[in-house]
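# Working through the structure, step by step
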Amino acid sequence: MNAPLPRPIVFRRPWYSVALERAIEALIMVCGISAVILVGGIFFFVFREAFPILASPNFGLGEFLFSIEWYPTSVRDVRYGVLAMIVGTLAVTTLAMAIAVPFGIGGAIYLSEFCTPKLRETLKVVIELLAAIPSVVWGFIGLTVVNDLLITLFDAAVGLNVLNAALLLALMSLPIIVSIGEDALKAVPDSYREAGVALGATRWQMVYRVLLPAARNGLLAAVLLGVGRAVGETMAVLMATGHAVQIPTGLLEPVRTLTANIASEMGEVSQGSEHYRVLFTIGVLLFGITFLVNLAADLAVRGRRR
Amino acid sequence: MRALLSHRRLAVGALAVSVLGLAACGEGGPAPRAVLLNRGSDTMINVAQAWAEAYATVAPGVSVEVAGGGSGVGIAALIDGTVQIANSSRPVKAAEREAARASQGADLVEHVTGYDALVVYVHASNPVRSMTLAQLRDVFAEGGRLTRWSDLGVQHGTCPRDTIIRISRQSSSGTYDYFREVALDTRDFKLGTLELNGSKEVVELIAHTPCAIGYSGMGYATDGVKMLPLSNGDGPPVAPTAQATLDGSYPIARPLYMYTVGQPAGETKHYLDWIHSPPGQRLVAAVGYVPLPVPAPGPSGAPAPEAHP
Amino acid sequence: MFEAGPEVRRKLGHERIAHLVLAAVTMCIVLPLFAILAYLVVKGWPSLSLAFLLEPPREMQTQGGIWPALIGTVYLVGVSLAVAAPVGVLAAVYLNEYARDTWFTRLIHVAVINLAGVPSIVHALFGLGAFVLAAGLGQSILAASLTLAVMTLPVIIASTREALAAVPRSFREACWNVGATRWQTIRVVVLPNAISGILTGVILQVSRTAGETAPILFTGAVMYKAVDRGDVFPYRLTESAMALATHLYNLATQINGAPDSLQFATATVLVGAVLLINSTAVVVRAVLRSRRKW
C-alpha cells in the first residue's frame, strides 16, 4: 500500500535539439523580415546609383520632370527630360485599362455568377496560362503580328504605336483583373444574392444592383493591380510602342515609356556617367509610382475586408 | 498522414537533388581552355560572333567569348582589363588612350578588321530614287523641314498618310553616334524618331512599314527594303557597294576596329592574325560588311589612319 | 397558369443578353491564348525538332538550335529557385505561424505587396547596382539568378502563406496539446498539410522565372556562348550565360539573316516550356487537393 510512488518520467529534450530549434526559428525570423530588407535594399541601391546626379548642380529636377527633350548623348546640348515618357507611360496604360477593364470585369462576373462550376474551372486554368506567357513573347507578337495588323486595318503610318502596346498590355493585365475581380465578387456574402433573388431580381439585375456596389473596393483593387502591371511592364512595350520620344496626338503614334527607356539604354551606357545616373533616377521615379499604385490597391483590398 | 509525409519527403528530396546538381555544376565546369574575352560594338557583334564560332574549329583549345554593349563599353572594359579585345565601330578618343596608359601602362593598339557602310533604307515600294546628305539632315535632324514624302517630291502611293516615319537606333549605340556625326553633322535627331534596339529590327520594321526611312548596316539588307544611293554636295548619287566603300566615294562608311592594350601576343595575336587572313575576311563579307582590300595590311598593329575613309 | 407579363419578359430578355455578352467577353479573353499558340506553332513548325532543342546555334545563330539558351535558362531558374524557395517558404512560415499582429508585421506585409509590384526593370537596376557592382559578382549566372530570386520571392511568400493559412487551426492545437513546440508542430503538421499549395506556388515561380527578360538583360545574359550539343554542364555560376527569353529578343531584333521560322520556333519553345510547367502546377494542385482529407 505504501509503496513509493514511481518517479515521474520526464522527457527532457537534449540541449542540441533545443538549440537547433532556436537556430531554425532565428532563421525563419530572418527570412520573415527579408522582404522589408529587400524593399529597403532595392530603394537603397537604385537611389545610391542615382544620387550623385540628383545632388549635382548641372541637374535640374524641374527640367527632368517637365521637359520633353530627351537627348542623353547629344554632342551639342545634352538634355534629360522625361515628360514625354511619363505621358507615354500614361497614354499606353490608360488605353490598356480602357480596353481591359470592361473585359476583365465582364469576365469576372461571368466566371463568378453565370457559368457552370465545371466551365469555371476550365476557364480559370486557361486564364492562368494566359498570365504565364512571358512579356518578351508578347513583345514579339506585337512586333510581328499586331504591327502588320494595324497597318492593314487602320492605314497606320507605323504599326508600333500606342494602340499596339495597349492591346498587348490589356491582354497581359486581363488575367490579374479577372482573377482578383472574381475573388472580390466571390467575397460578397451569399445572403446578398439570396436577398436579391428573393425580391424577384434576375441574376443580371442582382449583379449590377447588388454585387457590383458591394464588391466595389475589391474590383477597384483588381483594376489598380492591373494598372501596376501595365506601368511596370518592360519588354512588351519596348518592342511594341515604337520607342519614340514625343507627346502622342493620336492612338496610332509611337511613344516611349519610362521602363522601356531604361531597358533600351542601360545596356550600352558607361557606368558612373551622367546618363547612367539619370537612368537610375528614372528607376527611382518608377519605384515611387508603382509603390503608390500598389499601396492604393492594398488599401482598397483592406477596405473590402473590413 | 503517411501519404502526406511521403509527399514532404519527396519535396525535400527534389530540393536536395537540385541543390546538389547545382553544386556539381559549380565545380565540374568545362575543361580548362584559354579564354579570350571580346566585347564592344553592337555593330560588330555579328561578325565578332562569326569569327568566334569559326575560330572554335580552327583552334579548339581557345574559347572566344563575345559580348556586345557598345563601343564605349568594350573600350572601357579593355581599359579596366576585363577583356583582351575591344570591338569598336569608332576610333578611340584621346581620353580613352590616356586612361589606358594610366591604368595599364600601355597604349591602345588599333586593328582595322573590315569596313561598315551605313545604308539609308526605305520600303521596297517607295518610289524615291536617291537622296542628298542635306535632304537626309532635313528629314532626320532637329529643325529639319522635311516631314512628308511629298516634301521630297515623291508621290508615295502605299503611304496614304504621307508622313515620313523616321527609324533610328537607340541613342547609346555606336551606329546612332556615327550616323549623327557624319550624316547629321552632329545635330540631334528630331523628337518622335523611333529608336530601335537592333540593326536587324530597323531593317525589318522598314520592310513592314511603307512610310518608313531608316539607316542600318549594309549587311542587313533584305528583300523588303531598298537601299538609297546618296550624294554628298553636288556630286552624283553613289550606291552603297563594297567598291564605293573602299574607294571612299560612298559618304557614310567606317572601319571596324579591334583594340588591344599594347601589341597583341600569344593567343590574342594568333586570333587577330587569323581574322586578317582570307578565312577571317571571308566571314566579314558573309556577314555583309566590306572586307579589307586583298593585300591585307600588316597582320596586326598596323597604325590605321585617324580619319574615316 | 402564370403568364410572363411584359415587364418580366423584358427582364428575362435583358438577362439573356447579359449572359450572352458576358460569355462573349470571356471568350475574347480566352481565345487569344489559343490563337497565339496556334500562330507560333504554325510559323515555327519548319524549324521545330528534337535537334532544334539539343543543338547549339550555327552560322552566326542563323541556323541550328537553341541548346545553350535552353540550358542557360535551366541554370538561371535552378539557382534562383534554390535561393527563393527556402527563403520564401520560411518567410511565409514566419508571417503565418510566428508573427503577431503588430506594426512590424504590417510593415512586412506592405513590403511584400510592394516587392511584388516593383517593375521588373527596377529589379534589373537593383541587380546591377547590388549584385553585379556592389557585391562584385559581375555579369554572371549568380547575379542574374539572385535578381530573379528577389523578384519571385513575394510570389512564393504569398502563395505559401495562403497554403499555410488553409491548414485548419485545430490541427495545430491538437499538436500543441500533446506538448509539441511551435517548430515541431510546423514541421510535422503544418508543412506536410500545406505542401500542395507550397509546391504549386514554387512551380509557378519557376514558370515566371523562365520567361523573364528585363531583369537578366544587364545582370548575366549574353548574346552567344559556344556550348557543345547536349552539354549539361557548360556554364560556371560565375560566368554569364545565354537564356531563352533574351535569345528570342536577340533573334527578333539583332541576329541577321535567320529564317523567320527560327524566331517563331524559339518563341514556341519558350511558351511551350512555360505552359508545360504551369500545367504541371495545375495537375499537382488537383492531385494533392483530391487527396486532402478535411
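## So, the interface of chain A and chain C
Taken residue by residue, the interface counts 69 residues in chain A and 68 residues in chain C. Take the side of chain A that touches chain C: its biggest share by element is 20 residues, from helix 1 (residues 15-55) of chain A. Split by residue class, the side of chain A that touches chain C holds 46 nonpolar, 16 polar and seven charged.

## Here's the deal with the domain arrangement of chain B
With domains assigned, chain B is organised as domain 1 (2-115 + 255-286) and domain 2 (116-253). Listed per partner, the contact involves nine residues of domain 1 of chain B and 13 residues of domain 2 of chain B.

## Remarks on the environment of Pro60 of chain B
Residue and element names in this part refer to chain B. With respect to the helices and strands, the residue Pro60 is situated in the loop between helix 2 (45-58) and strand 2 (62-67). Assessed through the 9 C-beta atoms surrounding it within 10 Å, Pro60 is described here as exposed. Sequence spacing of Pro60 and Pro237 is 177 residues, and the spatial spacing of their C-alpha atoms is 47 Å.

## What to know about unusual backbone geometry
Phi angles above zero are rare outside glycine, and His243 of chain A is one such case at about 55 degrees. For His243 of chain A, the location among the structural elements is in the loop between helix 10 (235-240) and helix 11 (258-266). Exposure remark for His243 of chain A: the 28 C-beta atoms within 10 Å place this residue in the buried category. Phi at Asp185 of chain B is positive, roughly 60 degrees, even though this residue is not glycine.

## A word on the pairing of strand 1 (residues 34-40) of chain B
Along a regular strand, successive side chains alternate from one face of the sheet to the other. All names here are of chain B. Where strand 1 meets strand 2, six bridges bridge the pair, whose relative direction is parallel. Directly across from Val35, in strand 2, lies its bridge partner Ser63. Following the chain from strand 1 across helix 2 to the adjacent parallel strand 2, one finds a crossover that is right-handed. Pairing analysis gives three bridges linking strand 1 to strand 3 (residues 85-88), with the strands arranged parallel. In the sheet register, Asn38 faces strand 3, and the bridge partner there is Ile85.

## Focus on the environment of Ala163 of chain C
For Ala163 of chain C, the location among the structural elements is in helix 6 (residues 141-165). Once residues within four sequence positions are removed from consideration, Ala163 of chain C is found in contact with Ala194, Gly197, Ile198 and Gly201 of chain C.

## Comments concerning the packing of helix 2 of chain B against helix 10 (residues 278-287) of chain B
Packed helices, taken two at a time, are described by the angle between their axes plus the distance between the axes. Residue and element names in this part refer to chain B. Two elements in contact, helix 2 and helix 10, have axes whose closest approach is 9 Å; the angle formed by their N-to-C orientations is 140 degrees. Our classification of the angle between helix 2 and helix 10 gives oblique. The hand of the helix 2/helix 10 crossing is right-handed. Here helix 2 contributes Asn46, Val47, Ala50, Trp51 and Ala54 to the contact with helix 10, which in turn contributes Gly280, Leu283, Val284, Ala286 and Val287. A per-class count over the contact of helix 2 with helix 10 returns eight nonpolar, two polar and no charged.

About the criteria used
Residues numbered from 1 in each chain as written. Chains lettered and ligands numbered in written order. Predicted model: local features only at pLDDT ≥ 70, side-chain atom pairs only at ≥ 80, totals over all residues. Contact = placed C-beta atoms within 7 Å. Helix = DSSP H or I, 4+ residues; strand = E, 2+ residues; numbered from the N terminus. Nonpolar A, V, L, I, M, F, W, Y, C, P; charged D, E, K, R; others polar. Domains from an automatic or database assignment. Buried ≥ 20, exposed ≤ 12 C-beta atoms within 10 Å, placed from the backbone. Pairing = 2+ DSSP bridges. Right-handed = clockwise from strand over helix to strand, strands pointing away. Axes fitted to C-alpha atoms, helices over the stretch in contact; angles between N-to-C directions. Parallel < 35°, antiparallel > 145°, perpendicular 65-115°, else oblique. Left-handed = near helix turned anticlockwise from the far one by under 90°.

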